[in-house]
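Close look at the chain arrangement
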Amino acid sequence: MADEPREPREPRPPATLDEELLGAEVESIVSTQSDAARAQRVRSELAEGFRALARVGAAVSIFGSARTPRDHPEYALARETARTLGAAGFAIITGGGPGIMEAANRGARDSGALSIGLNIDLPFEVGINRYVDLPLQFHYFFTRKVMFVRYASSFVVFPGGFGTLDEMFEALTLIQTGKIRHFPVLLVGSSYWTELVDWLRAHMLGEGKISDTDMDLFEVTDDPARVLEVVSSAAHRQARVA
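Read on for an overview of the structure. (Residues numbered from 1 in each chain as written. Predicted model: local features only at pLDDT ≥ 70, side-chain atom pairs only at ≥ 80, totals over all residues. Heavy atoms only, no water.)

What the protein chain contains, in helices and strands, is 8 helices and 7 strands. Relative to its 242 residues, the protein chain shows a buried fraction of 45%. Once local pairs closer than 6 in sequence are excluded, the contacts in the protein chain between residues at least 24 apart make up 67%. Only carbon and sulfur atoms are counted for the fraction: they give 54% of the accessible area of the protein chain, which is about 13000 Å². (Helix = DSSP H or I, 4+ residues; strand = E, 2+ residues; numbered from the N terminus. Buried < 20%, exposed > 50% of the residue type's maximum accessible area, 1.4 Å probe, protein only. Contact = heavy atoms within 4.5 Å. Areas by Shrake-Rupley, 256 points an atom, 1.4 Å probe, with all protein chains shown as cover.)

The structure is reproduced here in structure tokens:
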């Protein structure tokens, strides 16, 4: 007996504004805004970020898993690294969430440095951690990414998942293509990153997908003092205070 045709499902509301924007042409997603309204919201979000962060000065963006528990050695290392950077005069920028982000904001607070959290609307959103001094809320991942790069001199990347790797490879792509210059990327936690680096060397480099010099665009370390040394070497990259 032939299957009876199924009734089409009613379109569902988008879970986030990112989904509303990216799924605007998909029949299963309700389109809730006009393109003009979407463009205006993007513009407003960028403008608010530029306004709020205009006087931050020298800063470092720190990334890592939201799932790292407070009693994990990586949490302690992220807190100490952020404290070391903060004591040297750097503001700390994170995604504002739990895990490594909380640890980095906490380290900034320990040192008296400005602690910034760029939070993003997600269906499983848990809010901004309590160690953030300057919170900003973003609807769109891509507007948030602009702030991470524009107002930082370096990326410090702790073990994390898809979002962490997305930010890391975004930065490496911008450096490789000359969109940003003199922008250190440090991968903290050698036991986590070594196999990925080996894979990049064996496959991407080995098969000619990247150049020898591309492997020099990042450094793996376990030492907060080394992070500070490398970040400080990009002093000419620091944000100007208006």
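Quick look at the packing of aromatic side chains now. Describing an aromatic ring pair means giving the distance of the ring centres and the angle of the ring planes. Counted under the stated rule, the structure contains 5 aromatic pairs. Summarising the aromatic geometry, the rings of Y140 and F142 are spaced 5.4 Å apart at their centres and angled 25 degrees between planes, so their arrangement reads as stacked. Residue Y140 is classed as buried on the basis of its relative accessible area, which comes to 0%. Given the relative accessible area of 38%, F142 is considered partly exposed. Measuring from ring centre to ring centre gives 5.0 Å for F155 and F183, while their planes differ by 75 degrees; the resulting arrangement is edge-to-face. Highlighted residues: F155 in strand 5 (residues 155–157) and F183 in the loop between helix 6 (162–176) and strand 6 (185–188), separated in sequence by 28 residues. For F155, a relative accessible area of 0% corresponds to the buried category. Judged by its relative accessible area of 5%, F183 falls in the buried class. Among the aromatic side chains, those forming a connected cluster through ring pairs are F63, F148, F155 and F183. (Phe/Tyr/Trp six-rings, centres within 6.5 Å; stacked < 30°, edge-to-face > 60°.)

Quick look at the pairing of strand 6 now. Side chains V185 and L187 project from strand 6 onto one buried face, and the interleaved L186 and V188 project onto a second face that is buried too. Pairing of strand 5 with strand 6, which is carried by 3 bridges, proceeds in the parallel orientation. Bridge pairing in strand 6 links V157 to L187. For the segment spanning strand 5, helix 6 and strand 6, crossover handedness is right-handed. Inspection of the sheet shows strand 6 paired to strand 7 (residues 219–221) by 3 bridges, in the parallel sense. Looking at the pairing, L186 lines up with E219 of strand 7. Regarding topology, helix 7 (residues 190–205) serves as the crossover connection from strand 6 to the parallel strand 7, and that connection is right-handed. (Pairing = 2+ DSSP bridges. Right-handed = clockwise from strand over helix to strand, strands pointing away.)

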